[in-house]
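# Coordinate analysis (summary)
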Amino acid sequence: MTEPLDPPSSASPSALRPGGADRVELMQTFVRIVESGSLSAAAAQLGTTQPTVSRRLQMLERSLGLRLLQRSTHRMKLTEDGERCFARAKELVTSWEAFEADLRGTGAEPEGTLRVLVPHAFGQDMMIGPLADFLDRYTGMKVHWFLQDREPDFIAEGIDCAIHVGELQDPSNVAILLTDVPRIVVASPDLLRGRPMPEHPSELTAFPWLALTTFYRTDITLTHRETHESERITFDPRMSTDNLFALRSAALRCLGVGVASAWVMAEDIAQGRLIQLVPKWRSTPLPMYLLYPYAKYYPARLRRFVEAMRIAIPTVIEDEQRKIR
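Here is a short report on the structure shown in this document. (Residues numbered from 1 in each chain as written. Predicted model: local features only at pLDDT ≥ 70, side-chain atom pairs only at ≥ 80, totals over all residues. Heavy atoms only, no water.)

## Some details on the overall build of the chain
For clarity, the cut-off: Secondary structure elements are defined from DSSP: runs of H or I of at least 4 residues count as helices, runs of E of at least 2 residues count as strands, and each element is numbered from the N terminus. The size measure is the radius of gyration over C-alpha atoms, and the globule rule it meets is 2.2 Å times the number of residues to the 0.38 power. Burial classes: relative accessible area under 20% of the type maximum marks a residue as buried, over 50% as exposed, and values in between as partly exposed (1.4 Å probe, protein chains only). Should any heavy atoms of two residues lie within 4.5 Å, those residues are counted as being in contact. Each accessible area value is a Shrake-Rupley result obtained with a 1.4 Å probe; residue values ignore everything except the protein chains displayed when judging cover.
Each helix and strand counted, the chain has eleven helices and 13 strands in total. A globule of 325 residues ought to have a C-alpha radius of gyration of about 20 Å, yet the chain, at 25 Å, is considerably larger. A principal-axis box enclosing the C-alpha atoms of the chain has dimensions of 85 × 45 × 30 Å. By the burial criterion, 45% of the 325 residues in the chain qualify as buried. Contacts in the chain between residues at least 24 apart in sequence constitute 72% of all its contacts with a sequence separation of at least 6. Put simply, the chain shows about 17000 Å² of open surface, and 49% of that area lies on carbon and sulfur atoms.

Below, the structure written as structure tokens:
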């Protein structure tokens with residue numbers, strides 16, 4: 001493990017502690033200002049006052065000889081120098097916090113705030129249980145929970161880690177495969193009323209369709225679980241959405257046939273509100289990853305969160321799968 005850089009031997013105490021605050025503290029305050037979006041929010045998170053946060057920002061700008069933020073009555077914006085400083089400051093602060101955690105030993109309780117980006121449907125439903133268990137175990141932790149179906153720009157957005165479903169776009173991040181998410185074909189029993197139960201994917205084209213635009217729009221390929229035979233079907237969707245819960249609601253309202261992650265539909269199938277069609281045929285499972293940027297050091301709060309999710313998430317998916325087997 002690479003040791004953090006030592007300050008030059010010629011640096012005086014006053015250079016390291018301008019105005020009574022060391023530069024790591026100034027960088028931490030600057031990072032918190034940018035991530036929270038305002039001086040007052042940063043002050044609340046740091047447990048101090050807005051004038052103190054403002055004074056630290058001014059001290060940092062003076063010590064660097066740069067203007068980092070442009071502020072007006074209604075908005076705050078990073079300058080070009082501020083954007084570069086934020087990226088480096090975030091890395092420095094993260095490394096310093098991880099360095100401190102390492103010195104305290106692996107048994108130290110993680111503290112601080114994690115900023116986590118998670119998929120909309122999974123993040124507002126299935127992951128809340130594992131998250132609650134994590135926070136109950138580590139009482140010094142706080143989590144900012146962002147729901148978006150995309151890969152984040154970790155440095156620019158100040159995100160610590162992300163749960164991502166689907167193929168990856170950025171190979172530069174650490175990507176831990178958590179599990180594969182099975183996808184199945186479902187419809188309301190009322191949609192099949194008066195029609196024969198389809199036995200082959202080709203028969204599904206006779207039904208109205210729902211499209212989940214984040215993964216399929218006008219066609220989809222289904223594969224037989226035993227023979228591995230593949231069948232591509234095309235359709236003109238009656239409704240298209242980028243939200244998994246919206247597709248589920250539309251299917252329950254008898255608007256059409258849809259393909260979705262099995263865990264979302266498992267309870268509805270178990271209760272008879274939805275039917276799994278051509279059950280031996282499935283769309284390609286979607287990989288689920290835990291992502292975070294490469295760094296020399298990782299703070300204890302991130303390490304513990306990664307450890308917890310690697311265990312909890314596959315179990316959650318497997319438990320839901322059992323309802324429809």
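## Remarks on the pairing of strand β5 (residues 161–165)
Inclusion rule: For two strands to be treated as a pair, DSSP must find no fewer than two bridges joining them.
Buried residues dominate β5, accounting for five of its five residues. Side chains C161, I163 and V165 project from β5 onto one buried face, and the interleaved A162 and H164 project onto a second face that is buried too. Pairing geometry for strand β3 (residues 112–118) and β5, over two bridges, is parallel. Residue pairing for β5: L117 is matched across the bridge by A162. As judged from the four bridges shared by β5 and strand β13 (residues 281–293), these two strands associate in the antiparallel manner. In the strand pairing of β13, H164 is matched with Y289.

## Let's talk about the packing of helix α3 (residues 39–46) against helix α4 (residues 50–64)
Describing two packed helices takes the angle between their axes plus the distance from one axis to the other. Formally: Note on definitions: angles span 0 to 180 degrees between N-to-C directions of axes, and those axes are lines fitted to C-alpha atoms, for helices only across the stretch in contact. Roughly parallel covers angles under 35 degrees, roughly antiparallel covers those over 145, roughly perpendicular covers 65 to 115, and oblique covers all other angles.
Relative orientation of the contacting elements α3 and α4 amounts to 105°, with a least axis distance of 8 Å. Considering the angle they form, α3 stands roughly perpendicular to α4. Where α3 abuts α4, its residues L39, S40, A42, A43 and L46 lie against Q50, V53, S54, R56 and L57.

## As for the packing of aromatic side chains
For the record, the criterion: Between 30 and 60 degrees the pair is tilted, below 30 it is stacked and above 60 it is edge-to-face, where a pair is any two Phe, Tyr or Trp rings, Trp via its six-membered ring, whose centres lie within 6.5 Å.
A complete count under the given rule lists seven aromatic pairs for this structure. When the ring of F30 is compared with that of F86, the centres are 6.5 Å apart and the planes differ by 80°; the resulting orientation is edge-to-face. Highlighted residues: F30 in helix α2 (residues 23–36) and F86 in helix α5 (residues 80–104), separated in sequence by 56 residues. Note on accessibility: F30 and F86 belong to one class, buried. Considering the side-chain rings of W209 and F235, the 4.2 Å spacing of their centres and the 5° angle between planes classify their relative orientation as stacked. Separated by 26 residues along the polypeptide, W209 in the loop between β6 (173–187) and β7 (210–212) and F235 in the loop between β9 (230–234) and β10 (239–241) bring together distant segments of the chain. Accessibility assignment for this pair places W209 and F235 in one class, buried. Each member of the aromatic cluster is reached from another via a ring pair, and the members are F134, Y138 and F305.

## Some words on the nonpolar core
Taken as a class, soluble globular proteins show a tendency for nonpolar side chains to be buried jointly. What counts, and what does not: In these notes, a set of buried Ala, Val, Leu, Ile, Met, Phe, Trp, Tyr and Cys residues joined through side-chain atoms within 4.5 Å is what counts as a nonpolar core.
By size, the foremost hydrophobic cluster in this structure holds 65 residues, and its most contacted members are W209, Y216, W263, M265, L290 and I313. At eight residues, the largest contribution of residues to this core is made by β6. The contacts of Y216, once residues within four sequence positions are left out, are W209, L210, A211, F235, L247, G258 and V259. Among the nonpolar cores identified, the runner-up in size contains 19 residues, and M27, V31, A42 and L60 belong to it.

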